[in-house]
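Each chain is listed here by its residues.
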Amino acid sequence: MLSYYALKDNRVVEDGPGAAHVIVVVDPDADEKKMLIATYGIDEHTLNSALDPDELSRLEFEPEHVAMIYRRPLNYTGGDRLTFKTSAAGLFLFKDRIILVFKEDLNIFSNRIFNRVSSLNDLWLRILYSSISHFLEHLRAIYEVTSELEAMLNTSQENRYLLQLFALEKSMVFYLNSIMTNGVLIERIRNNPARFGLPTEQVEFLDDMAIENTQCQRQADIYSNILSSLMDARASIISNNLNVQMKTLNVITIAIMVPTLVVSAFSMNVAIPLQRHPHAFWIIMGFATASVVLTAAWWITRRTK
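For clarity, every value in this text was computed on a predicted model and none was experimentally measured.

About the cut-offs
- Residues numbered from 1 in each chain as written.
- Predicted model: local features only at pLDDT ≥ 70, side-chain atom pairs only at ≥ 80, totals over all residues.
- Heavy atoms only, no water.
- Helix = DSSP H or I, 4+ residues; strand = E, 2+ residues; numbered from the N terminus.
- Rg over C-alpha atoms; globule rule 2.2 N^0.38 Å.
- Buried < 20%, exposed > 50% of the residue type's maximum accessible area, 1.4 Å probe, protein only.
- Areas by Shrake-Rupley, 256 points an atom, 1.4 Å probe, with all protein chains shown as cover.
- Phe/Tyr/Trp six-rings, centres within 6.5 Å; stacked < 30°, edge-to-face > 60°.
- Pairing = 2+ DSSP bridges.
- Patch = residues over 30% accessible without salt bridge, like charges linked within 9 Å, V, L, I, M, F, W, Y side chains within 5 Å.
- Salt bridge = Lys/Arg side-chain N within 4 Å of Asp/Glu carboxyl O.

Structural notes on the overall build of the chain
Now for step 1: Along its length, the chain carries seven helices and seven strands.
Now for step 2: In sequence order, the chain lays out its α and β elements as β-β-β-α-α-β-β-β-β-α-α-α-α-α.
Now for step 3: Relative to a compact globule of 305 residues, whose C-alpha radius of gyration would be 19 Å, the chain shows 34 Å and is clearly more extended.
Now for step 4: Expressed along its principal axes, the backbone C-alpha trace of the chain runs to roughly 115 × 40 × 30 Å.
Now for step 5: The buried share of the chain, reckoned over its 305 residues, is 39%.
Now for step 6: In the form shown here, the chain has an accessible surface area of approximately 17700 Å², with 55% of it arising from carbon and sulfur atoms.

Examining the environment of Ala265
Now for step 1: With respect to the helices, strands and loops of the structure, Ala265 is situated in helix 6 (residues 200-265).
Now for step 2: For the pair formed by Ala265 and Val251, sequence separation is 14 residues and the distance between their alpha carbons is 21 Å.

Side note on the packing of aromatic side chains
Now for step 1: Counting across every chain of the model gives seven aromatic pairs.
Now for step 2: Between Tyr143 and Tyr223, the ring centres sit 5.1 Å apart and the planes meet at 20°, which makes this aromatic pair stacked. Of this pair, Tyr143 sits in helix 3 (residues 120-153) while Tyr223 sits in helix 6, and the two are 80 residues apart along the sequence.
Now for step 3: Residue Tyr223 is classed as buried on the basis of its relative accessible area of 14%.
Now for step 4: One aromatic cluster is present, formed by Phe61, Trp124 and Phe196 through successive ring pairs.

Structural notes on the pairing of strand 7 (residues 98-102)
Now for step 1: For strand 7, the buried fraction is high: five of the five residues fall into the buried class.
Now for step 2: Burial of strand 7 is two-sided: the residues Ile98, Leu100 and Phe102 facing one way and the residues Ile99 and Val101 facing the other way are all buried.
Now for step 3: Looking at chain direction, strand 3 (residues 22-26) and strand 7 are connected through five bridges and run parallel. Within strand 7, the position partnered with Val26 by the bridge is Phe102.
Now for step 4: Alignment of strand 6 (residues 86-93) against strand 7, held across five bridges, turns out to be antiparallel. In the sheet register, Leu91 faces strand 7, and the bridge partner there is Leu100.
Now for step 5: Where strand 6 folds back on strand 7, the antiparallel hairpin that results is connected by four residues.

So, the pairing of strand 5 (residues 66-73)
Two faces make up the sheet, and in a regular strand the side chains alternate between them.
Now for step 1: Where burial is concerned, most of strand 5 is hidden: eight out of the eight residues are buried.
Now for step 2: Of the two faces of strand 5, both are covered, the one formed by Val66, Met68, Tyr70 and Arg72 as well as the one formed by Ala67, Ile69, Arg71 and Pro73.
Now for step 3: Between strand 4 (residues 58-61) and strand 5, which pair antiparallel in sequence order, lie four residues.
Now for step 4: Judged from the eight bridges that link them, strand 5 and strand 6 form a sheet pairing that is antiparallel. Across the sheet, residue Arg72 finds its bridge partner in strand 6, namely Ser87.

Topic: a nonpolar patch on the surface
Now for step 1: On the surface, Leu242, Met246, Leu249, Ile252 and Ile256 cluster together into a nonpolar patch covering about 470 Å² of accessible area.
Now for step 2: Within the secondary structure, Leu249 is located in helix 6.
Now for step 3: Residue class for Leu249 comes out partly exposed when judged on its relative accessible area of 48%.

It is worth stressing that arrangement in space is one thing and function is another; only the former is reported here.
Printed below as a string of structure tokens:
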């Protein structure tokens, strides 16, 4: 699917194919791919890389354009079971237009950072910056969800909370890798500002973007370590709780076995004391009760030492 946009009055507005400065391609079919390759000279491998969800960020200089593959987070939906996913996107820069290639539909220009766009260079820089902002928003959401799960785990033994925590930890690995590869892409652009024709103010914006991405990476690294530590701590707590429960069960078992031993001794089919005593039953029950009391007293004394 192809959509066309133009820069008018410092804004990105939807327009027809003739006057379009920006072409957004979402999950192109075979005919659309052939058109992009034949008309704009986009390399077929690079085009397919933009549609590969596992492709890493990179920068390539072609004779007629510049090709960028960058990572971006996908919009989160509740059905993902707390799995935050990332994907690749293609950004192809020509002298008079930009072509964006996405695997999934994304209303990218709804972000407020596109309210005032002065040029095509300004536009593609803001597109990269919007990806960083999107990562930061998701990281804040992940931190809030982690705090809620931590509170639930303190009062619940259900496995579903542990599985959700594991899904978040897995998501953070992919997020951290995507942010790191985006950082490599931004660094390559910073090393070649003249090839993009970037003026001083846009180079400064690129420097700010690099700093923002570095902070995003550090934040993702911190959250990833927190999730990993939380999983390890939870596993230790579960193991400790299991040991305490097994200990309690052993004490209960011993407390039951002692009076059972007394009663069993007086139930043997041989001559034993008190077998003809009129109060033999109550005497035996007294012995059994006394054994329970002595066992309990021993256990309490042992715990207080």
